[in-house]
Structures are given as C-alpha cells and as structure tokens.
Amino acid sequence: IVQILARTPAIRDFFLIPDNYKGCKSLLVSRCGELLRKIWNTRNFKGQVSLHEFMQAVILASKKRFTLDTQSDPVEFASWLLNALHADLTGGKIKKQSIITKCFQGELEVTTEKGTGKGKAATAAADVTERMPFLLLGLDLPPAPLFKDTLEKNIIPQVPIFNIMRKFDGSTVTDDIRLGRRKFRITRLPQYLCLHMKRFTKNNFFVEKNPTIVNFPVKNMELRDIIPVPEGTPSSKYDLVANVVHDGRAGEGTYRVHIHRKAEEIWYEVQDLRVIDILPQMVALSEAYFQVYQLQQPSAVDTKASQQQQQQQQQQQ
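Residues numbered from 1 in each chain as written. Predicted model: local features only at pLDDT ≥ 70, side-chain atom pairs only at ≥ 80, totals over all residues. Heavy atoms only, no water.

Student: Describe the overall build of the protein chain, listing the residues and the values that go with them.
Tutor: For the protein chain, the count of helices and strands is 9 helices and 16 strands. The dimensions of the protein chain, computed from C-alpha atoms along their principal axes, are 60 × 60 × 40 Å. Contacts spanning at least 24 positions in sequence make up 61% of the contacts within the protein chain whose residues lie at least 6 apart. Surface accessibility of the protein chain: about 18,800 Å² in total, with carbon and sulfur atoms responsible for 51%. With 43 positive and 33 negative side-chain charges, the protein chain shows a spacing of 6 Å between the two charge centroids. (Helix = DSSP H or I, 4+ residues; strand = E, 2+ residues; numbered from the N terminus. Contact = heavy atoms within 4.5 Å. Areas by Shrake-Rupley, 256 points an atom, 1.4 Å probe, with all protein chains shown as cover. Lys, Arg positive; Asp, Glu negative; His and termini not counted. Charge placed at Lys NZ, Arg CZ, Asp CG, Glu CD.)

Student: An account of the layout of surface pockets is needed here, citing residue identities and associated values.
Tutor: Estimates place the volume of the largest pocket at around 1,700 Å³. Among the elements of the structure, helix 1 (2–6), helix 3 (27–39), helix 4 (52–61), helix 5 (74–89), strand 13 (254–261) and strand 14 (266–271) are those that each provide at least two residues to the lining of the largest pocket. Element by element, the count of residues in the lining of the largest pocket is highest for strand 13, at 7 residues. The space that makes up the second largest pocket amounts to roughly 1,000 Å³. Together, 38 residues line the second largest pocket, and Asp73, Val75, His196, Lys198 and Tyr289 are the ones closest to its centre. Secondary structure elements with two or more residues in the lining of the second largest pocket: helix 5, strand 2 (128–134), strand 7 (192–198), strand 8 (200–202) and strand 9 (207–209). Looking at the lining of the second largest pocket, the element that brings in the most residues is helix 5, giving 7 residues. Residues that form the lining of the second largest pocket fall into these classes: 15 nonpolar, 12 polar and 11 charged. (1 Å grid on protein atoms, 1.4 Å probe; cavity = no way out; pocket = protein on both sides within 12 Å on 5 of 7 lines; lining within 4 Å. Points joined across faces, edges and corners; volume = space filled by probe spheres on them. Nonpolar A, V, L, I, M, F, W, Y, C, P; charged D, E, K, R; others polar.)

Student: Now, about the packing of aromatic side chains: what can you tell me, with residues and values included?
Tutor: Applying the stated rule across the entire model yields 10 aromatic pairs. Taken together, the ring pairs connect Phe14, Phe15 and Tyr21 into an aromatic cluster. Against the face of tryptophan 40 rests arginine 12, its NZ or CZ located 5.0 Å from the ring centre. Stacked on the ring of phenylalanine 184, the Lys or Arg lysine 167 has its end atom at 5.6 Å from the ring centre. (Phe/Tyr/Trp six-rings, centres within 6.5 Å; stacked < 30°, edge-to-face > 60°. Lys NZ or Arg CZ within 6 Å of the ring centre and 35° of its normal.)

Student: Before we move on, can you summarise the packing of helix 3 against helix 4 with the specific residues and values?
Tutor: In contact at an axis separation of 9 Å, helix 3 and helix 4 are set at 155 degrees when each is read in the N-to-C sense. Relative to helix 4, the element helix 3 lies roughly antiparallel. The chirality of how helix 3 crosses helix 4 is left-handed. Along its contact with helix 3, which presents Leu27, Leu28, Arg31, Cys32, Leu35 and Lys38, the element helix 4 presents Glu53, Phe54, Ala57, Val58, Leu60 and Ala61. Here the residues of the contact of helix 3 with helix 4 are counted per class, giving 9 nonpolar, no polar and 3 charged. (Axes fitted to C-alpha atoms, helices over the stretch in contact; angles between N-to-C directions. Parallel < 35°, antiparallel > 145°, perpendicular 65-115°, else oblique. Left-handed = near helix turned anticlockwise from the far one by under 90°.)

Student: An account of the side chain of histidine 86 is needed here, citing residue identities and associated values.
Tutor: Assignment of secondary structure puts histidine 86 in helix 5. Among residues more than four places away in sequence, those in contact with histidine 86 are Ile94, Lys96, Gln97, Ser98, Ile100 and Thr101.

Student: Give a detailed account of the pairing of strand 15 (residues 274–278), specifying residues and quantitative values.
Tutor: Across 5 bridges, strand 14 lies against strand 15 in antiparallel orientation. Across the sheet, residue glutamine 271 finds its bridge partner in strand 15, namely arginine 274. Between strand 14 and strand 15, which pair antiparallel one after the other, the connecting turn spans 2 residues, and aspartate 272 there sits at a positive phi close to 60 degrees. (Pairing = 2+ DSSP bridges.)

Student: Any chance you could break down helix 3 for me, citing the residues and the numbers?
Tutor: In this model helix 3 runs 18 Å from its N-terminal to its C-terminal C-alpha over 13 residues, within 8% of the 18 Å that 1.5 Å per residue would give. Listing the buried residues of helix 3 in full gives Leu28, Val29, Cys32, Gly33, Leu35 and Leu36. Angularly, the buried residues of helix 3 cover 165 degrees about the axis, an arc narrow enough to put them on a single face. Considering only its buried residues, helix 3 is in contact with helix 1, helix 2 (9–16), helix 4 and helix 5. (Expected span 1.5 Å × (residues − 1). Buried < 20%, exposed > 50% of the residue type's maximum accessible area, 1.4 Å probe, protein only. Arc of directions from axis to C-beta.)

What is shown is where atoms sit, not what they do.
In structure tokens:
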C-alpha cells in the first residue's frame with residue numbers, strides 16, 4: 001500500500017513538500033511525509049528504507065489494529081490509511097477536500113427499491129435515491145464451481161472485469177437482506193480508481209477464498225464500454241498502476257504487489273525486500289485482490305471532439 005502511495009504522483013508531490021501540511025499536527029501525516037521523502041530521496045544510496053517510524057505512528061493511530069508482527073488485509077489497511085490521512089489533513093472536517101479525496105474520491109448514485117432492506121426504503125412510498133462519495137469500489141466475484149472436471153481437478157473459473165463492473169451500470173440490481181435491493185451508478189469518476197475483488201467470504205465457522213481469475217486490461221480500460229459515464233467527462237480510459245495479489249489459502253498465505261514504473265514502462269513485483277521485473281502478461285494472469293487504475297489525460301484532439309459533440313447535443317435540444 002505504501003508502494004502504491006509512493007507511485008501516485010499527486011500524493012508523492014504533496015508529501016515531498018512539508019510546507020503543504022505544516023499546519024497539521026498529526027503524527028501519522030508527518031511520518032507518512034518523512035517516509036515518502038526517504039523513498040524519493042535522490043541522495044539515498046540504499047535500495048530500501050525503514051518503515052519503523054511510520055509503522056509506529058500507524059500502530060498508535062489505529063489503536064493497535066495494524067501491527068508489525070501480524071499480517072493484515074491490504075484492503076482494510078488501504079481503506080483505513082486513506083480515511084485517517086484525510087481526516088487528519090482536514091482537521092476532522094470529513095466533508096472538506098484534501099489531497100486524498102482529490103486523487104481517490106468519486107461519487108455513486110445509489111437507488112434502493114421501496115419496501116426492501118431495513119433503512120429508509122423499508123417504509124418509503126417510492127424508491128430512495130442517494131448520492132455518496134467512495135474511495136474504493138467492491139466487485140463481487142461469481143461463485144466458484146462446486147464440482148470437479150473429468151480429470152478430477154477443480155475448475156478455476158475466469159471472468160472479465162467488464163462483467164463484474166456492470167454492477168455500477170445503474171440497472172443491475174444487487175440484493176442484500178439488510179440494505180435492500182439496490183442499483184449503483186457512478187456519477188463522478190476519480191482520478192485514481194481503486195477496485196477491490198471480494199475474494200474472501202466469512203461465516204460463523206471459517207473464511208473461504210474464491211479463486212476466480214479476473215481478466216483485466218493493463219492499459220486502456222474504457223469504462224464507457226461498460227457503464228454509463230457521467231456527462232461532460234472528457235476521458236474515461238484508465239491504465240493500471242498497481243495490482244495487489246493474494247497467494248495461498250484464506251486466513252493465511254502471502255501478499256505481493258505489481259507496480260508500474262512509468263518512466264521506464266516496466267512492471268515490478270514487490271514482496272517484502274524481494275523486487276523483480278515482470279512481464280505485463282504475467283500481471284494479468286494473477287489472482288488480483290486490489291487494484292489501482294489511473295485516469296488517462298485526454299489529448300487536445302479528444303477534448304475538442306468532446307466539446308463539439310456536447311455543442312451539437314445542446315443545439316439539437
């Protein structure tokens with residue numbers, strides 16, 4: 001997760017200049033800035049930096065929820081860290097903007113069918129529509145097969161990311177006993193889109209892992225082909241910048257991360273102190289658990305074409 005933050009240019013540039021957050025008294029923010037400055041220090045002759053001071057601040061701020069001697073879920077840590085940094089940078093005023101929300105925050109329109117769930121819609125006379133911000137989106141994987149194939153081996157299913165992204169097309173209904181029958185539509189695209197593949201299912205007895213392989217593009221993921229894109233959006237193409245993978249069984253196993261180095265157009269696999277270069281094709285074959293995509297900046301030609309299309313639509317209306 002630290003590798004992902006370090007590879008997010010806007011986050012990196014913000015924390016490299018201490019004056020940007022000199023009014024913030026948070027130890028977590030201070031240690032995060034120190035860590036990123038160590039990573040990007042041009043005079044650093046070592047190939048690694050120490051996380052000790054940063055992790056001490058994390059342990060203190062999370063009240064020992066995340067510790068050095070226990071492996072934690074990277075999605076839980078990412079969600080906690082982004083929210084904690086945002087809260088500290090805004091002085092507890094969560095609705096105020098920070099560098100975290102500028103980079104990672106998008107907006108969802110959630111429509112809950114009347115008479116379903118245990119919230120407002122349960123007693124409402126009409127469907128309830130709300131808008132809410134998000135920092136990451138959870139994607140539901142299809143259930144793993146229960147039966148073996150003719151060779152007595154478990155079949156590992158595959159699903160395109162475009163199929164599971166249709167959860168946010170505004171028409172697909174998601175059923176939940178507590179929250180009701182809901183439809184989701186993205187009303188604002190973030191600069192960096194964080195996706196969480198829900199691989200683990202918990203019940204009263206054990207944790208089960210879904211081994212489904214998600215097929216995804218490393219470059220040029222066009223959301224316009226999958227879901228309705230908000231009006232006036234100049235670009236809806238995303239490039240993958242980080243991919244967190246889980247290896248092993250549920251409740252144990254290890255995590256590794258694939259990081260894209262844009263300057264060299266090379267992918268690296270990082271696991272603790274082990275760093276190797278890897279082919280982009282190998283990134284796409286992994287059991288992805290958490291991904292970060294960067295929105296492509298539209299070219300001048302694309303921007304002009306988009307503006308002309310909007311003008312034509314306004315004239316027709």
